[in-house]
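# Breakdown of the fold
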Amino acid sequence: MATLSYQIFNKHSKLSNKNIKEFIKELNTLFNKFKVDKDIDNLNILKNKLLFLIEENKSNINKKEVKIIKNLIDDFDDFLEQTHKNKEKKKLINVVSEVEKNYKKCDIIENNKRKKYAKFCVKKKKIKYEKELITLQVELLKLQNHIKESGQKVLIIFEWRDAAWKWGTIKRFTEYLNPRWARVVALEKPSDIEKTQWYFQRYINHLPAGWEMTMFDRSWYNRAWVEPVMWFVSEEKYKQFLNDVPKFEKMLVDSWVKVIKFYFSVNKEEQNKRFEARKYNPLKQYKLSPIDKFSQQLWKKYTLAEYHNFSNTHSKHAPWIIINSDDKKKARINAIKYVLNQFDYPEKMNKEGLKLDKKIVSDWEEKTKTLKKEINLEKDDLFE
């Protein structure tokens, strides 16, 4: 025979002052059973059913009995809260120490066994990098939760010299982020219709909404170096762009978009070395674009374009941050650290752990001083 509580919850019987005491007795029995079984799901269901039941039967039962049921619901809540706290007390996995389980240090493996452990035998430097990277990726998750909860809009622009390992950095940024709140935008070359539009128009729909981190893999700054160097834009439109960018980005900042602009730099010798490596590796050939083959030949022009860009489009509200990516691992670590340093968020790691390497991270003024030594502003002209 079905219990009274079953009949009432399934509307086969009505709750009344005549059966309320028996009903409460059954509730206590159910509650104790769920507590012993630690059946949290059914306890939550029971709680929700009771809340609906009280609302539906206010006129059928007296206030005293309603209060008894509400006190029972409070007991449910206390138990659920305590259970949740006990779960939280369990230690989280130490993802940093997990890194060491994936490798064996070369210096602890006997020489005659190193071939056997080739895939696991790595230098201490590699293990240190992996541990630091995973630590920072945990911080990025904390930051993402903070951005989501506070409704912030974050735009990170990634620009670079060809072969500066920018994509590897973006991958490390996004590797563990929730893709619902973090997007990478990498637009193809403009269509015939887009070519007739306002230059910034095709980027507008991809800007971050509230709670989002959006990363631009290349951006409107295509017009700053690729287009003038490769003769894809007129001098007039190029100069107009340099004039418009600070105003456009000021509009974004005034609309509460946090703008972070990275430029990944690489020296000429390192760039050539990476191009050569791409030529003969079928897994990396896709990275070698038709334009890349001109990068070495037009090195000086790209340098000139960099100088004009940093001199004209840097601003207090959207400064340029230069990342020296001759060492790709240090570049990744320091780019992530820079972003983390721009925000205050709960349980943020100590400042020492987020200290930047000044050899890797520099500002636009320092970069332009270096660039100025490589060009002749009186003679060199992008549109000659």
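All values derive from a computational prediction rather than experimental measurement.

We now examine the nonpolar core. Of all hydrophobic cores here, the largest spans 38 residues; its most connected members are Trp 220, Tyr 221, Trp 225 and Phe 241. Of all elements in the fold, only strand E3 (153-160), helix H10 (226-229), helix H11 (235-254), strand E6 (257-265), helix H14 (299-313), strand E7 (320-324) and helix H16 (364-374) reach the threshold of two or more residues within this core. Beyond its immediate sequence surroundings of up to four residues, Tyr 221 is in contact with Ile 157, Glu 159, Phe 241, Val 245, Glu 249, Lys 261, Asn 309, Thr 313 and Trp 320.

Once that is clear, we can look at the layout of surface pockets. The volume enclosed by the second largest pocket comes to roughly 420 Å³. Put simply, the parts of the chain that give the lining of the second largest pocket at least two residues each are helix H6 (124-150) and helix H15 (328-341). Examining the composition of the lining of the second largest pocket, we find that six residues originate from one element, H15, more than from any other.

All told, the structure shown has 30 aromatic pairs when counted by the stated rule. Lying across the ring of Phe 31, Lys 35 places its NZ or CZ 5.0 Å from the centre. Its guanidinium or amino end placed over the ring of Trp 299, Arg 161 lies 3.7 Å from that ring's centre, counting from NZ or CZ.

The next thing to look at is the confidence of the model for the chain. When pLDDT is averaged across the chain, the result is 85; 85% of the residues are at 70 or more. The spread of mean pLDDT over the elements of the chain runs between strand E2 (residues 121-122), the lowest at 58, and H11, the highest at 97.

Under the defined criterion, the tally for this structure stands at 14 salt bridges. A salt bridge links Glu 227 to Arg 223, with the nearest nitrogen and oxygen atoms 2.8 Å apart. Judged by relative accessible area, Glu 227 falls into the buried class, the value being 13%. We classify Arg 223 as buried; its relative accessible area is 14%.

With respect to the secondary-structure elements, Asn 309 resides in helix H14. If near-sequence neighbours (up to four positions away) are discounted, Asn 309 is found in contact with Tyr 221, Ala 224, Trp 225, Leu 242, His 314 and Trp 320.

Turning to H11, a few remarks are in order. In an α-helix, one turn spans 3.6 residues; hence positions three or four apart end up facing the same way. The end-to-end C-alpha separation of H11 is 29 Å, in line with the 28 Å expected for 20 residues at 1.5 Å each. Approximately 35° is the largest bend angle found in H11, and it occurs at Asp 244, with the proline Pro 246 only one to four residues beyond. Looking only at H11, the buried set comprises Tyr 238, Phe 241, Leu 242, Val 245, Pro 246, Phe 248, Glu 249 and Leu 252. Along its buried surface, H11 packs onto E3, helix H9 (201-204), H10, E6 and H14.

Turning next to unusual backbone geometry. In this model, Trp 211 sits at a positive phi of 80°, which is unusual for a non-glycine residue. Among the secondary structure elements, Trp 211 is positioned in the loop between H9 and strand E5 (212-217).

To continue, consider the environment of Thr 368. The residue Thr 368 is located in helix H16 in this model. Distance in space between the C-alpha atoms of Thr 368 and Phe 310 is 7.0 Å, their sequence separation being 58 residues. Beyond its immediate stretch of four places on either side in the chain, Thr 368 contacts Tyr 307, Phe 310 and Ser 311.

Here we come to the pairing of E7. Burial of E7 is extensive: four of the five residues sit out of reach of the surface. Where E6 and E7 come together, five bridges link them in parallel fashion. Directly across from Ser 265, in E7, lies its bridge partner Asn 324. The pairing of E7 with strand E8 (residues 361-363) spans three bridges and is classified as antiparallel. Note on E8: the bridge partner recorded for Ile 321 is Asp 363.

About the criteria used
- All residue numbers here refer to positions counted from 1 along the written sequence of the relevant chain.
- Owing to the predicted nature of the model, reporting of local features is limited to residues with pLDDT of at least 70; listing and counting of side-chain atom pairs is limited to 80 or more, with chain, interface and lining totals taken over all residues.
- The side-chain quantities take in all heavy atoms of the structure and omit both hydrogens and water.
- The nonpolar core is taken to be a set of buried Ala, Val, Leu, Ile, Met, Phe, Trp, Tyr and Cys residues, with the residues joined through side-chain atoms within 4.5 Å.
- Residue exposure (1.4 Å probe, protein chains only): buried if accessible area is under 20% of the type maximum, exposed if over 50%, otherwise partly exposed.
- Labels follow the DSSP assignment, with helices taken as runs of H or I lasting at least four residues and strands as runs of E lasting at least two, numbered in each case from the N terminus.
- Whether two residues are in contact is decided by their heavy atoms, any of which lying within 4.5 Å being enough.
- Any residue with an atom within 4 Å of a point lines the site, the site being either a cavity, points on a 1 Å grid over the protein atoms alone where a 1.4 Å probe fits but cannot get out, or a pocket, an open set with protein on both sides within 12 Å along at least 5 of 7 lines.
- Grid points are joined across faces, edges and corners, and a volume is the space filled by probe spheres set on the points.
- Between rings of Phe, Tyr and Trp, where Trp is taken as its six-membered ring, a pair exists when centres lie within 6.5 Å; planes separated by under 30 degrees are stacked, by over 60 edge-to-face, and by other angles tilted.
- The rule for a charge over a ring is simple: NZ of Lys or CZ of Arg within 6 Å of the ring centre, and within 35 degrees of the ring normal.
- Confidence scores labelled pLDDT are given residue by residue by the predictor and lie between 0 and 100.
- Between Lys or Arg on one side and Asp or Glu on the other, a salt bridge is scored when a side-chain nitrogen of the former is within 4 Å of a carboxyl oxygen of the latter.
- Every helix has an expected span of 1.5 Å times one less than the residues it contains.
- Note on bend: the value at a residue is the angle between axes fitted to the seven residues ending there and to the seven starting there.
- Any two strands with at least two DSSP bridges between them are considered paired.

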